[in-house]
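Fold and geometry: a report
Residues per chain are reported as follows:
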Protein chains: 2
Amino acid sequence: MKTLARSLAVSAPSTLPVTGFDRRIAALLALRFGNAAVGVALWNGEMFCANGAAVESSLRIADRATLVKLLTRPSFEFGDCYARGLVEVDGDLVATLTALFVHAWTRPSPWSGLATLRDRLTLRSKRTARSNARHHYDLGNDFYRLWLDQRMLYSCAYFPTPDTSLEDAQSAKIDLVCRKLGLRAGQSVVELGSGWGALALHMASRYGVKVRAFNVSQEQVAWSREHARRAEIDGRVEFVADDYRNARGRYDAVVSVGMLEAVGPGNYRSFGAHIARLLDPAGRALVHTIGRHRPLPTNAWIRRRIFPGGYAPSLGEMSAIFEPNDLAILDIENLRLHYALTLQHWLGRFRAERSAVARQKGEDFARTWELYLAASQASFASGWSHLYQVVCTRAANNAIAWTRVSGGV
Amino acid sequence: MKTLARSLAVSAPSTLPVTGFDRRIAALLALRFGNAAVGVALWNGEMFCANGAAVESSLRIADRATLVKLLTRPSFEFGDCYARGLVEVDGDLVATLTALFVHAWTRPSPWSGLATLRDRLTLRSKRTARSNARHHYDLGNDFYRLWLDQRMLYSCAYFPTPDTSLEDAQSAKIDLVCRKLGLRAGQSVVELGSGWGALALHMASRYGVKVRAFNVSQEQVAWSREHARRAEIDGRVEFVADDYRNARGRYDAVVSVGMLEAVGPGNYRSFGAHIARLLDPAGRALVHTIGRHRPLPTNAWIRRRIFPGGYAPSLGEMSAIFEPNDLAILDIENLRLHYALTLQHWLGRFRAERSAVARQKGEDFARTWELYLAASQASFASGWSHLYQVVCTRAANNAIAWTRVSGGV
């Protein structure tokens, strides 16, 4: 985490009296919540609510400065004020955020077009890509281990039914990806952004394919190599500690799960050109990514505190990957509710280990990550975020599956 | 058919001697075919071929004027010259066209960007839409009856296996659409562009839903109503002889199969707004359309002789339907090879009835339609055209299917 000074204590509420000014600001803030049954509670306990209905939860504001910040720059300040304990949520955190998302408190401002433009124009050097990835992924295996599944899959799972366990749902996701790619023994696969290696290891051990997996995070590559050795498949899967743009050669399949979010729209065309270069004329590629239903800027707080350089594209924006590179889309599936459920699992595990996180990394860090996971769940649950799996091939490739599955929808 | 004068006899080859000029033009033309094993044969029998390999088929050119036209404006003149018998294909017509498409003889010229722009800027009044549709669909039920399936489905079929019959594949297509929409008895459906009514009739009779179907072709609406009466479901399905833009109300499902091709990219945003207005907050919409893997102008000959106002969009262009209207895409399937096979069936049936068509409508008409069907098959087979089924819903709608089909890809 870059900027939250560790010395900043999580704060206590103000002891100053509430003034008429404070009440006006609180009322304006409550108005922003629209029809969400969410109130604004001041440090003296006074409650403000725009909508007539019963308040189901409220934001408890610690002091005047916080109140003003929330009114003027909510999409950034909510996160930082929450991390410092200057905002508390009385009520269920996920439900409150979902209500706020649904009722569009955080709907993009008139300036959001500029923010989207900035996201689009940002070209990422390999150096920036490495530093961005490290900011997020080099927080330490021990941290992610606390709340991810055993194989450390840090992307949307696929739940055949909603009561599938997280471990099984992550296995099902990996299998879904492999089946969409139509993998057959003896084929070659290149993975762009391989996380802790679970997909690459699974493809090599279960599908008998040969895998080269690229990842800029040293710590993840070390972990992945260790697991390949233990599984005695290090002859079939090679983890390369390098930028995906340095991948060379031709492969039967190209796969990228949860990396496009770090690529940035300014690089989509060259990302697609790279896929096209790596792809055998009869091969298939799959891109799995968080997306939007329309272009929206990355939340300022997430961008600053969690994912520097992160951007989730709309399918229209993603067409820049495929169309200029003569890649034809065969199949798109939106797994939005699967990601909401994945995040619910992660958040539950995180909360079970919350005191360990706070001890290791500080209370503000624990609050930041709890909010990040809860807000992500709310974002998928409310339709602000989506999860796209896109399968593509060269436009003229006729070596494609005839149907998805016999007669299936 | 608008312009091919019926008096124009299908022509005989020139009796003039072949000159050095003719040979140079023929050689240039052959060069354009790239690596396709297709030759250029002049009226005296001389053959030109750019590529060293054996020629598998050839274009036999009747005279000098045709030769020059093919060099200067191939994408339009090939069709018209073929219709008049000024070009003959010695060899399999579909295979020859596929080879030419694959080897990019008709790759868009530097001016194609302008043509695409024109396609994009064209706004269609309801009057133009009606006249365009009539040009194509009011050729007469008797004509389409000769070569379509019994229920007159004039859009891509879905073949569970490649040897499924056309009739069964059209039934399977209709069922695929209904299952993707998740239809349940008692629901309401609006269909935008209903052809000869087979989908509407099937939904009403097999799925127990109530359907309103819009179509500007009087002849098709009359046919559809007659079939609804005969099936005694005219209480559950209403065919409205009107522009889809005049549809009102709220429906559980909105479906449009094979109409977007006539909407025009300039109207996509309002087409999507119309879908969003008609769609219940928990409803689903499906758009089934011919598309491209990247923006490409409509072939000039198709545009003039077959489909005035026709345009097949890329998925990136189609995002203008969904993104500005807060519609989220749930599912996209590309059925390209299914359309190639559908067209193979249509062409086979058409050829079996070719002499009847020529008697009814003239030899030039028969040649025009044979070429149109063959070129369409070649276009899907070579990856120049695609077929997209897109399922969407309001972005925040959580009443969506959990998985496509248990564990299916």
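1. Examining the overall build of chain A
For chain A, the helix and strand inventory stands at 16 helices and eleven strands. Taken over 409 residues, chain A has a buried fraction of 52%. Contacts spanning at least 24 positions in sequence make up 72% of the contacts within chain A whose residues lie at least 6 apart.

2. Concerning the domain arrangement of chain A
All names here are of chain A. According to the domain assignment, chain A consists of domain 1 (20-102) and domain 2 (116-394). Using C-alpha coordinates to define each centre, domain 1 is positioned 33 Å away from domain 2. Taken together, the 15 residues of domain 1 in the interface contact 16 residues of domain 2. Breaking the side of domain 1 that touches domain 2 down by element, the ones donating at least two residues are helix 3 (74-83) and helix 4 (93-102). Considered class by class, the residues forming the side of domain 1 that touches domain 2 number nine nonpolar, four polar and two charged.

3. Quick notes on the relation of the copies chain A and chain B
Of the two same-sequence chains, chain A is brought onto chain B (RMSD 0.0 Å, axial shift 0.0 Å) by a rotation of 180 degrees. The transformation just described matches what one would write down for a two-fold rotation axis.

4. Observations concerning the sheet that holds strand 1 (residues 38-41) of chain A
In a beta sheet, neighbouring strands pair by backbone hydrogen bonds and run either parallel or antiparallel. Residue and element names in this part refer to chain A. Sheet architecture is open: four strands sit in the order 2-1-3-4, paired in mixed fashion. The sheet terminates laterally at strand 2 (47-48) and strand 4 (87-90), the two strands that pair on one side only. Of the strands in this sheet, strand 1 and strand 2 touch helix 1 (residues 20-32), which is tilted by about 165 degrees from strand 1. Of the strands in this sheet, strand 1, strand 3 (57-61) and strand 4 touch helix 4, which is tilted by about 105 degrees from strand 1.

5. Some details on helix 11 (residues 268-278) of chain A
Residues and elements named next belong to chain A. Tyr268, Phe271, Gly272, His274, Ile275 and Leu278 are the residues of helix 11 that are buried. Mapping the buried residues of helix 11 onto a view down its axis gives an arc of 155 degrees, with all of them on the same face. Looking at the packing, one finds that the buried side of helix 11 touches strand 5 (188-192), strand 8 (251-257), strand 9 (279-291), helix 13 (315-322) and strand 10 (327-334).

6. Some details on the pairing of strand 1 of chain A
All names here are of chain A. Relative to strand 3, strand 1 runs parallel, the two sharing four bridges. Bridging from a neighbouring strand, valine 40 pairs with leucine 59 of strand 3. Summarising the sheet, strand 1 and strand 2 pair through two bridges and their orientation is antiparallel. Bridging across to strand 2, valine 40 finds its partner in phenylalanine 48. The turn joining strand 1 and strand 2, which pair antiparallel and follow one another in sequence, is formed by five residues; a positive phi near 100 degrees is taken by glycine 45.

7. Re the sheet that holds strand 3 (residues 57-61) of chain B
Residue and element names in this part refer to chain B. Ordered in space as 2-1-3-4, the four strands form an open sheet in which the pairing is mixed. Two strands close off the open sheet at either side, each with one partner strand: strand 2 (47-48) and strand 4 (87-90). Contacting strand 1 (38-41) and strand 2, helix 1 (residues 20-32) crosses the sheet at an angle of about 165 degrees to strand 1. Docked against the sheet, helix 4 (residues 93-102) engages strand 1, strand 3 and strand 4, running at close to 105 degrees with respect to strand 1.

8. A short note on unusual backbone geometry
Although it is not a glycine, Glu232(A) sits at a positive phi angle of roughly 55 degrees. The exposure class assigned to Glu232(A) is exposed, which follows from the 9 C-beta atoms found within 10 Å. Positive phi is not limited to glycine here, since Asp326(B) has a value of about 55 degrees. Secondary-structure assignment places Asp326(B) in the loop between helix 13 (315-322) and strand 10 (327-334). Owing to 15 C-beta atoms within 10 Å, Asp326(B) belongs among the partly exposed residues under this scheme.

9. Things to note about helix 16 (residues 363-381) of chain B
Across its 19 residues, helix 16 of chain B extends 27 Å between first and last C-alpha, which sits within 8% of the 27 Å expected from 1.5 Å per residue. For helix 16 of chain B, the buried fraction is high: 16 of the 19 residues fall into the buried class.

10. Here we look at the interface of chain A and chain B
The interface of chain A with chain B comprises 38 residues on the first partner and 38 residues on the second. Taken together, the residues of the side of chain A that touches chain B sort by class into 17 nonpolar, 13 polar and eight charged. Two elements, strand 10 of chain A and strand 10 of chain B, share three bridges in a ladder whose sense is antiparallel. Note on strand 10 of chain B: the bridge partner recorded for Glu333(A) is Asp331(B).

11. Topic: the pairing of strand 9 of chain A
All names here are of chain A. With ten of 13 residues buried, strand 9 is to be regarded as a mostly interior element. Pairing of strand 8 with strand 9 involves six bridges; the strand directions are parallel. Across the sheet, residue valine 254 finds its bridge partner in strand 9, namely alanine 285. Considered for its hand, the β-α-β crossover made up of strand 8, helix 11 and strand 9 is right-handed. Examined bridge by bridge, strand 9 and strand 11 (residues 386-394) share eight bridges and lie antiparallel to one another. From the neighbouring strand, leucine 286 faces strand 11, where its bridge partner is valine 391.

12. Description of the packing of helix 15 (residues 354-361) of chain B against helix 16 of chain B
Residues and elements named next belong to chain B. Remark: helix 15 packs on helix 16, axes separated minimally by 7 Å, with the N-to-C direction vectors making an angle of 130 degrees. In this view, helix 15 runs oblique relative to helix 16, as classed from their interaxial angle. Note on element contacts: helix 16 touches helix 15 through Glu363, Phe365, Ala366, Trp369 and Glu370, opposite Arg354, Val357, Ala358 and Lys361. Split by residue class, the contact of helix 15 with helix 16 holds five nonpolar, no polar and four charged.

13. A few points about the nonpolar core
In terms of nonpolar packing, the biggest core is built from 252 residues, with Met203(A), Val254(A), Met203(B) and Val254(B) touching the most fellow members. Ignoring sequence-local partners within four residues, the contact set of Met203(B) consists of Cys178(B), Leu183(B), Val189(B), Val209(B) and Val211(B).

The rules we used
- Sequence order as written defines the numbering, with residues in each chain counted from 1.
- The lettering of chains begins at A and the numbering of ligands begins at 1, in the order of writing.
- Per-residue local features of the predicted model are confined to residues with pLDDT of at least 70, and side-chain atom pairs are confined, for both listing and counting, to 80 or more; whole-chain, interface and lining totals are unaffected and use all residues.
- We count a stretch as a helix when DSSP gives it H or I for four or more residues in a row; a strand needs E for two or more, and each element gets its number in order from the N terminus.
- To sort residues by burial, count the other C-beta atoms lying within 10 Å of each one's C-beta; a count of 20 or more means buried, 12 or fewer means exposed, and anything in between means partly exposed. C-beta atoms are built from the backbone.
- In this description, any two residues whose backbone-derived C-beta atoms lie within 7 Å of each other are considered to be in contact.
- Residue ranges for the domains originate in an automatic or database domain assignment.
- Gly falls in the polar group here, along with every residue not listed as nonpolar (Ala, Val, Leu, Ile, Met, Phe, Trp, Tyr, Cys, Pro) or charged (Asp, Glu, Lys, Arg).
- Each copy is superposed on the other by least squares, with the fit set by C-alpha atoms of residues at a pLDDT of at least 70 in both.
- Two strands qualify as a pair provided DSSP detects at least 2 bridges between them.
- Interaxial angle, 0 to 180 degrees, is taken between N-to-C directions of lines fitted to C-alpha atoms, where a helix line uses only the stretch in contact.
- In this context, the arc is that of the directions from the helix axis out to the C-beta atoms.
- Any helix carries an expected span of 1.5 Å times its number of residues minus one.
- A clockwise course of the path from the first strand over the helix to the second, judged with the strands pointing away from the viewer, identifies a crossover as right-handed.
- For this classification, under 35 degrees means roughly parallel, over 145 means roughly antiparallel, 65 to 115 means roughly perpendicular, and everything else is oblique.
- Only buried residues count toward a nonpolar core: Ala, Val, Leu, Ile, Met, Phe, Trp, Tyr and Cys, linked into one set through C-beta atoms within 7 Å.

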